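Overview (structure and organization)
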Amino acid sequence: MSKLSILGEFWQFLKVRKKWWLTPIVITLVLLGALIVFSQGSALAPFIYTLF
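All of these numbers come straight from a predicted model, not from anything done at the bench. Residue numbers restart at each chain and count upward from 1, following the sequence in its written direction. For this predicted model, a pLDDT threshold of at least 70 governs which residues receive local features, and a threshold of 80 or more governs which side-chain atom pairs are given and counted, while totals over whole chains, interfaces and linings are taken from all residues. Think of the side-chain values as coming from all heavy atoms in the structure, minus any hydrogens and water.

What to know about the overall build of the protein chain
- Counting its secondary structure elements, the protein chain contains three helices and zero strands.
- Think of it this way: any DSSP run of H or I at least four residues long counts as a helix, any run of E at least two long counts as a strand, and we number them from the N terminus. Listing every helix and strand of the protein chain by position from the N terminus yields α-α-α.
- Here the C-alpha radius of gyration of the protein chain, 15 Å, is well above what a compact globule of 52 residues would show, namely 10 Å.
- Its C-alpha atoms give the protein chain principal-axis dimensions of roughly 45 × 25 × 10 Å.
- Each of the 52 residues in the protein chain was classed as buried or not, and the buried ones make up 10%.
- With the model as given, the accessible surface of the protein chain reaches about 4600 Å², and the carbon-plus-sulfur share is 76%. Between the two quantities, the radius of gyration covers C-alpha atoms and the globule rule is 2.2 Å times the number of residues to the power 0.38. Exposure categories follow from relative accessible area, calculated using a 1.4 Å probe and restricted to protein chains: below 20% of the type maximum is buried, above 50% is exposed, and the middle band is partly exposed. For the accessible areas, the method is Shrake-Rupley and the probe is 1.4 Å, while residue cover comes only from the protein chains on display.

Structural notes on unusual backbone geometry
- Phi at Lys18 takes a positive value of approximately 55 degrees, unusual for a residue other than glycine.
- In this structure, Lys18 sits in the loop between helix H1 (3–17) and helix H2 (22–38).
- We classify Lys18 as exposed; its relative accessible area is 58%.

Here's the deal with the environment of Ala43
- Along the polypeptide, Ala43 turns up in the loop between H2 and helix H3 (45–49).
- Taking C-alpha positions, Ala43 is 35 Å from Trp21, a pair spaced 22 residues apart along the chain.

A word on a nonpolar patch on the surface
- Note that patches include only residues with greater than 30% relative accessible area and no salt bridge, and the join distances are 9 Å for like charges and 5 Å for nonpolar side chains (Val, Leu, Ile, Met, Phe, Trp, Tyr). By definition, a salt bridge exists where a carboxyl oxygen of Asp or Glu is found within 4 Å of a side-chain nitrogen of Lys or Arg. On the surface, a cluster of nonpolar side chains totalling about 340 Å² of accessible area is made up of Trp21, Ile25 and Leu29.
- Within the secondary structure, Trp21 is located in the loop between H1 and H2.
- Relative accessible area serves as the criterion here: at 53%, Trp21 is assigned to the exposed category.

Notes on the environment of Phe13
- Along the polypeptide, Phe13 turns up in helix H1.
- Exposure remark for Phe13: the relative accessible area of 34% places this residue in the partly exposed category.
- Beyond its immediate chain neighbours, meaning those up to four positions away, Phe13 contacts Lys18, Lys19 and Leu22. Should any heavy atoms of two residues lie within 4.5 Å, those residues are counted as being in contact.

Written as structure tokens, this is what we have:
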């Protein structure tokens, strides 16, 4: 599956099921995941991991 098909499927799910409250949760999870991935090699990593 490509990333675009997953995003399109998620968009269709939101439209049909009217689950708009899921959008901020998914965005927050993606941003937190990106923060963890991009900070692994930096000096900030120990400080970020203490938050969790």
